[in-house]
Structures are given as C-alpha cells and as structure tokens.
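Chains, contacts and geometry: an overview
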Amino acid sequence: MPPDPPEKLSDARLIGLAARTVRRARNMTAQQVATAMNLPLRTYEYFEAGSGRVNLDYVHRFALATNCDPWSLLLGPSLGSVEFARQTADTKLMLIFLIALGEFVGAMGDRLLTLDPRALIEAFTDTFRRLEEENRIKSEETEAWLDAGRDRLAGKPPEDEG
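Now for a look at the structure at hand. In this text the structure is predicted, and so the values were computed from the model without any measurement.

In terms of nonpolar packing, the biggest core is built from 22 residues, with Val33, Met37, Tyr44, Phe47, Phe62, Cys68 and Leu73 touching the most fellow members. Breaking this core down by element, the ones donating at least two residues are helix H1 (11-25), helix H2 (30-36), helix H3 (41-49), helix H4 (56-66) and helix H5 (70-79). The element contributing the most residues to this core is H4, with five residues. For Leu73, the contacting residues outside a window of four places in its chain are Ile15, Ala18, Ala19, Val59, Phe62, Cys68 and Ala85.

Moving on, we get to the packing of H4 against H5. The N-to-C vectors of H4 and H5 enclose an angle of 125°; their axes lie 8 Å apart at closest approach. Overall, the two elements H4 and H5 adopt an arrangement that is oblique. Counted together, Leu56, Val59, His60, Phe62 and Ala63 of H4 and Pro70, Trp71, Leu73 and Leu74 of H5 form the full contact between these two elements. Of the residues contributing to the contact of H4 with H5, the split by class is eight nonpolar, one polar and no charged.

What follows concerns unusual backbone geometry. Of note, the phi angle at Asn67 is positive, near 55°, even though the residue is not glycine. When you line up the elements, Asn67 lands in the loop between H4 and H5. For Asn67, a relative accessible area of 49% puts it in the partly exposed group. Within the chain, Lys92 stands out as a residue other than glycine whose phi angle is a positive 60°. Its place among the elements puts Lys92 in the loop between helix H6 (84-87) and helix H7 (93-108).

Calculation notes
Residues numbered from 1 in each chain as written. Predicted model: local features only at pLDDT ≥ 70, side-chain atom pairs only at ≥ 80, totals over all residues. Heavy atoms only, no water. Core = buried A, V, L, I, M, F, W, Y, C linked by side-chain atoms within 4.5 Å. Buried < 20%, exposed > 50% of the residue type's maximum accessible area, 1.4 Å probe, protein only. Helix = DSSP H or I, 4+ residues; strand = E, 2+ residues; numbered from the N terminus. Contact = heavy atoms within 4.5 Å. Axes fitted to C-alpha atoms, helices over the stretch in contact; angles between N-to-C directions. Parallel < 35°, antiparallel > 145°, perpendicular 65-115°, else oblique. Nonpolar A, V, L, I, M, F, W, Y, C, P; charged D, E, K, R; others polar.

The analysis is restricted to geometry; functional conclusions fall outside its scope.
Put into structure tokens, the structure is as follows:
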C-alpha cells in the first residue's frame, strides 16, 4: 500500500513560513517585528506559525515592519514557494507588477474583455525571458569586472584580449 500523501499546509501556514524567512533575512527578532507591528509577541508568533486564518492586516503590517512586498507573501503559496517573499523583498516584484497592472486596467477599461489570452501569454513570457536574460548578462559582466579587479589588486598582469 502506498504511503499517505503529505499533509498540505494551509495558506496561513505557508504565509507564516514566508514571513519567518523574510524576518530572518532581515536579521530581525520576532520581538522586533512584533513591536514594529504593534502586536504582542505571542500574537505575532501565532501569525508566523500560521495559526488561524490569513490576516491581511497583519500581512500588510508585517510588510511595513520588514520593508518587504506584502503581495509576494500572499502569492508565494500559489506559486508553491515559501522563498518567493524573501527573494522579492527588496525588488518589490509583485507590488510593481500590480501597480503596472492597475494602470493597464485603468487604461483598458472594457477593452479588457477583448484581450486574446494567447497574446497575454506571449507578452508575459517574453517579458520574463528578457528579464532573465538581462539579469544573467549583468551577473556575468559583474563577475568578470570583479575578477579583473581582484587580479589587478593582486598584481597579476591583464589577460590579452585579442
């Protein structure tokens, strides 16, 4: 007989795990975050443990307290990632996306009804592929620059280019 499937964690639990990940990445204690959220420590601990239902007010207060993206905390479980909130805490990826989406919705109005889903898929996948490629190139350029600088500081002669 196959083993029982693992128990699916609730959204509240996944958001709590994401919050803990962000808090730790920010080198903050639970008490520091609780104080910044104006909550008793025990209430904050329940939030981080994912006890009860998702509390949107607490998510937004947590985001302010830790300077992270509240929408990444909320959407991480849908993406299957507890790490998503930490990974996007500084870039505010979902906040930026939602602001841009809101501007698009305002400009489009009822024309949203006529959008072709295939065009949306193509636009989003092309955009994300371009962002990934630009990031990869910048990372490679940064590493090459740092390597050359380390070599100069160590007194190594530059490599011939040509």
